[in-house]
Amino acid sequence: MSEDQKPVKFFEPPVYLSEADIATRVRELAQRINETYGDQEITAICTLKGSVVFYSDLLRHLKMPVVCEFLGVSSYGNHTESTGEVKVTLDLNEPLTGRHVLIVEDIVDTGLTLSYLISYLKVKNPASLRTAALLFKPEALKSPELRIDYIGFEIPNRFVVGYGLDYAEKFRGLPYIGTLN
Ligand code: PRP
């Protein structure tokens, strides 16, 4: 077989959290969220882009009526460390006044993004504001006052990709969470 006929082998990061582990934990988080809100309608905000996979899996286990909203935020650009500067790249469609709002984040690393989002959304006068994050890196946290209501996994300070999380826009489609050195 000549060089240009060989199938391209993409790099597959080692598994840190398997598809099965993630699925189990997402169901558990959804159950806790269902217990909190009961039949109350909520607005669940997906913070693009990283949360898209977690959000869509979580959504399918929520039992209350959910209005879906999408908010584009970016703080990393193509860097592996937060720039600390949060940019809203896509804004919400509907007002949040009097709504029960749940922010859905893929990862809380320094916490700067979620802290920024909480201030950004609080002034829109929601009836309540809660936060869910699939991954949380306590060692990297720079916003000690940050409150996360639902945490999937606490993880060490390593760079993780997959299940929506990227490195320079790559690996978002991996069905599991892997680590990069
Ligand atoms: C990632 C992730 C969180 C944020 C967490 O977003 O989705 O929103 O970083 O980091 P922090 O706690 O240090 O602020 P990113 O800016 O990479 O954009 P993306 O979601 O489009 O990948």
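A few points on the structure. Please read all numbers here as calculations on a predicted model, not as lab measurements.

The rules behind each value
Residues numbered from 1 in each chain as written. Predicted model: local features only at pLDDT ≥ 70, side-chain atom pairs only at ≥ 80, totals over all residues. Heavy atoms only, no water. Axes fitted to C-alpha atoms, helices over the stretch in contact; angles between N-to-C directions. Helix = DSSP H or I, 4+ residues; strand = E, 2+ residues; numbered from the N terminus. Parallel < 35°, antiparallel > 145°, perpendicular 65-115°, else oblique. Left-handed = near helix turned anticlockwise from the far one by under 90°. Contact = heavy atoms within 4.5 Å. Nonpolar A, V, L, I, M, F, W, Y, C, P; charged D, E, K, R; others polar. Buried < 20%, exposed > 50% of the residue type's maximum accessible area, 1.4 Å probe, protein only. Phe/Tyr/Trp six-rings, centres within 6.5 Å; stacked < 30°, edge-to-face > 60°.

1. Regarding the packing of helix H1 (residues 19-37) against helix H2 (residues 52-59)
Phase 1: Orientation of H1 relative to H2, taken along the N-to-C sense of each, is 60 degrees, at an axis distance of 9 Å. What the angle tells us is that H1 and H2 run oblique. Between H1 and H2 lies a crossing of right-handed hand. Taken together, the residues of H2 that come into contact with H1 (itself represented by Val26, Leu29, Ala30 and Ile33) are Phe54, Asp57 and Leu58.
Phase 2: Each residue belonging to the contact of H1 with H2 can be placed in one class, and the counts come to six nonpolar, no polar and one charged.

2. Digging into the environment of leucine 135
Phase 1: Position of leucine 135 relative to the elements: it lies in strand E6 (residues 128-136).
Phase 2: By relative accessible area, leucine 135 is classed as buried at 0%.
Phase 3: Each C-alpha atom of the pair leucine 135 and aspartate 106 lies 6.2 Å from the other, and the pair is 29 residues apart in sequence.
Phase 4: Apart from residues lying up to four places away in sequence, leucine 135 is in contact with Leu17, Asp106, Ile107, Val108, Phe153, Ile155, Val160, Leu165 and Ile177.

3. Focus on the packing of aromatic side chains
Phase 1: Applying the stated criterion across every chain, the model contains four aromatic pairs.
Phase 2: Ring geometry for phenylalanine 11 and phenylalanine 171: centres 6.3 Å apart, planes at 80 degrees, overall edge-to-face. Note that phenylalanine 11 is positioned in the segment before strand E1 (15-17) and phenylalanine 171 in the loop between strand E8 (159-161) and strand E9 (177-180), a separation of 160 residues in sequence.
Phase 3: Given the relative accessible area of 52%, phenylalanine 11 is considered exposed.
Phase 4: Ring plane angle 15 degrees and centroid distance 6.0 Å describe the contact between tyrosine 116 and tyrosine 120, whose orientation is recorded as stacked. Of this pair, tyrosine 116 and tyrosine 120 both sit in helix H3 (residues 112-122), four residues apart, roughly one helical turn.
Phase 5: Look at tyrosine 116 and you get partly exposed, because its relative accessible area is 33%.
Phase 6: Judged by relative accessible area, tyrosine 120 falls into the buried class, the value being 18%.

Everything listed here is a matter of coordinates, which is why it stays silent on function.
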